[in-house]
Amino acid sequence: MTRPTGNVRLKAARVAAGFNSQQDLADALSGHAKRMGIRGLSIGVRQVRRWESDNPPWPQPDCQRVLVQLLGQSLEALGFTPPWGSDGPSYGPGQSAPVPGAAATRRSTGVTGRRTAVSHPATVGADFQAVTRSHRRLYWSVAPADLHPAVEAHATLGCALLRDAAEPSRSVIAAALGETYLLAGRIEFFDLREPGLAHETLLLALQAAGEADAPLLGSAVIAHMAFIPGWVGDRDAARERMTAARTYARRTHASAEFLAWLDAVEAECETRCGDTRTALRLIGHAEDVLKDGNAHSSPEWMDWFSPARLAAFKGNTQLLAGHLPQARTTLLEALEAMAPGEEKQRSVIYGDLAAVEAASGNSEEACSHAGQALDQLALTWYATGMDRVRDVRRALTAHQNERCVRDLDDRLYDWSTTVSVLSR
């Protein structure tokens, strides 16, 4: 049997991080360097090929920082041998060299690693966790672009606290840090439309969940990571991540609601990949799981799912499957069942209802629902909701000379809405 050749450690870390080719890693490293504030650093596929060779050269300092922070492992763990031996300076995930710029702060700290012990009060874990909870609640009412910097700064603090903490505070901080990175990743993916950045952030969330030994949180993080390939039609990658998410969920006591949410995530990925039949089967299974229930409660941080939101998933899938009457009924029922605090999802449902009417040839009803979506977006911005409205407007091209469509255009392209769209 032939032994693998080259720097198999770096290759394994690359693949584990979701970069299937050397070019993918080179692009990610170059982009990450910019976000870290390292100017003029461009890493090409030839450099990555040298690093994955039998005798990889020791990376330059800037490359060291980017590699460590992107892949979450020390240089030695990535298969590099320092030219000064094992006693010289080396940058690990929790020991990175100083990097310039505020944008670099979050990535430079890392999650793991210890420093010299610092005395913290016994309440430090609960205090850090309390801010995490507040950020999570603020997500449903504060503009994501305003909240995101605060969440990132909180994560930076969490990394510093984690490296100094002892049990029992350490586990509490690690779990809250995982929740914080999960929230940041959700904002980056769903609101800021930065899937590459969301992938990196969710990797940090997974690392923190591992520090806390919190498999259910790990399952939630990996399921969110499935959205990233799912939304671009990469079914194999999405399914692989969903398999991992379900595996983690089996290691602990998952509530019926959590298990139904996993079905809903996979259903949305299947819908995006064009398999609405499989998606509807998964949603049906989720409905059965919720109906049967179980003895386990949902974690406090799981505030993004409910039976009404499952119905919204279902209505969207029925819409894309061409089952328009069923979609209309499902979406209206979902809208009726929405509880306070679920306002962001309302804009998505209104958008889907508008799409149902546009597909049915009912331009006035489509414009009415699109207007309701815009009303909601004026109160609680949600990029996914705006995407729905813009899709509806494209579907109404044949009716663009009608008064209702022109009125919709006046609202869709007024000063505030246009600036909001173009600034995100």
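Scoring rules and cut-offs
- Residues numbered from 1 in each chain as written.
- Predicted model: local features only at pLDDT ≥ 70, side-chain atom pairs only at ≥ 80, totals over all residues.
- Heavy atoms only, no water.
- Helix = DSSP H or I, 4+ residues; strand = E, 2+ residues; numbered from the N terminus.
- Buried < 20%, exposed > 50% of the residue type's maximum accessible area, 1.4 Å probe, protein only.
- Contact = heavy atoms within 4.5 Å.
- Disulfide = S-S within 2.5 Å.
- Polar contact = N/O pair within 3.5 Å; in protein donor to acceptor, adjacent residues only side chain to side chain.
- Core = buried A, V, L, I, M, F, W, Y, C linked by side-chain atoms within 4.5 Å.
- pLDDT = per-residue confidence, 0-100.
- Expected span 1.5 Å × (residues − 1).
- Arc of directions from axis to C-beta.
- Phe/Tyr/Trp six-rings, centres within 6.5 Å; stacked < 30°, edge-to-face > 60°.

**Q** Any chance you could explain the side chain of Glu52 here in plain terms?
**A** Of note, Glu52 is situated in the loop between helix 3 (45–51) and helix 4 (61–71). A relative accessible area of 10% places Glu52 in the buried class. When sequence neighbours within four positions are dropped, the list of residues in contact with Glu52 reads Gly6, Asn7, Leu10, Lys11, Arg14 and Gln22.

**Q** Before we go on, may I ask you to explain the state of the cysteines in this structure?
**A** Throughout this description, disulfide means a covalent bond between two cysteine sulfur atoms. If you walk through the whole model with that rule in mind, you get zero disulfides. In this structure Cys404 is not part of a disulfide, and its nearest cysteine sulfur, from Cys367, lies 3.7 Å away. The buried category is assigned to Cys404, whose relative accessible area is 17%.

**Q** Looking at this structure, I do not really get the environment of Asp54. What am I missing?
**A** Looking at where Asp54 falls in the secondary structure, it is placed in the loop between helix 3 and helix 4. Discounting chain neighbours no more than four positions away, the residues touching Asp54 are Thr5, Gly6 and Asn7. Within the structure, Asp54 has its side chain in polar contact with the backbone nitrogen of Gly6 (distance 2.7 Å).

**Q** In this structure, what is going on with the nonpolar core? I would like to understand it.
**A** As a rule of thumb, soluble globular proteins bury nonpolar side chains together. Ranked by size, the top nonpolar core spans 100 residues in total, and within it Phe258, Trp261, Trp304 and Phe305 carry the most contacts. With 12 residues, the single largest contributor to this core is helix 8 (residues 169–191). Among all residues touching Phe258, those that are not within four sequence positions of it are Leu216, Ser219, Ala220, Ala249, Ser298, Trp301 and Met302. With 25 residues, the next largest nonpolar core counts Ala26, Ala33, Val48 and Leu67 among its residues.

**Q** Before we go on, may I ask you to explain the confidence of the model for the chain in this structure?
**A** In low-pLDDT segments, the atomic positions of the prediction should not be examined closely. Per-residue confidence for the chain gives a mean pLDDT of 86; residues scoring 70 or more make up 88%. Counting interchain partners and residues more than four positions distant, the pLDDT-below-50 stretch residues 84–109 has 65 contacts.

**Q** Help me understand helix 13 (residues 276–292) in this model?
**A** An α-helical turn contains 3.6 residues, so any two residues separated by three or four positions project in the same direction. Look at helix 13: 24 Å from first C-alpha to last across 17 residues, which is about the 24 Å you get at 1.5 Å a residue. By the burial criterion, the buried members of helix 13 are Thr276, Thr278, Ala279, Leu282, Ile283, Ala286 and Val289. Along helix 13, the residues classed as buried sweep out an arc of 155 degrees about the axis, all on the same side. Exposed and facing more than 90 degrees away from the buried side of helix 13 are Arg277, Arg281, Lys291 and Asp292. On its buried side, helix 13 packs onto helix 11 (235–250), helix 12 (256–272) and helix 14 (307–320).

**Q** In this structure, what is going on with the packing of aromatic side chains? I would like to understand it.
**A** Pairs of aromatic rings are described using the distance from one ring centre to the other and the angle between the two planes. Under the criterion given, the structure shown has 12 aromatic pairs. Seen in terms of ring centroids, Trp51 and Phe80 are 6.2 Å apart; in terms of plane orientation they differ by 90 degrees. Their pairing is edge-to-face. Of the two residues, Trp51 sits in helix 3 while Phe80 sits in the loop between helix 4 and helix 5 (105–109), which places them 29 residues apart along the sequence. Each member of the pair Trp51 and Phe80 is classed as buried.

**Q** Any chance you could explain unusual backbone geometry here in plain terms?
**A** Only a minority of non-glycine residues have a phi that is not negative, and only a minority of peptide bonds are not trans. Glu167 connects to Pro168 through a cis peptide bond whose omega is 5 degrees. Here Pro168 lies in the loop between helix 7 (144–164) and helix 8. At Arg193, a residue that is not glycine, the phi angle is positive and equals roughly 55 degrees. Tracing the backbone shows Arg193 in the loop between helix 8 and helix 9 (195–212). Look at Arg193 and you get partly exposed, because its relative accessible area is 31%. Its identity as a non-glycine residue notwithstanding, Asp213 has a phi of 50 degrees, on the positive side. If you trace the backbone, Asp213 turns up in the loop between helix 9 and helix 10 (215–230).

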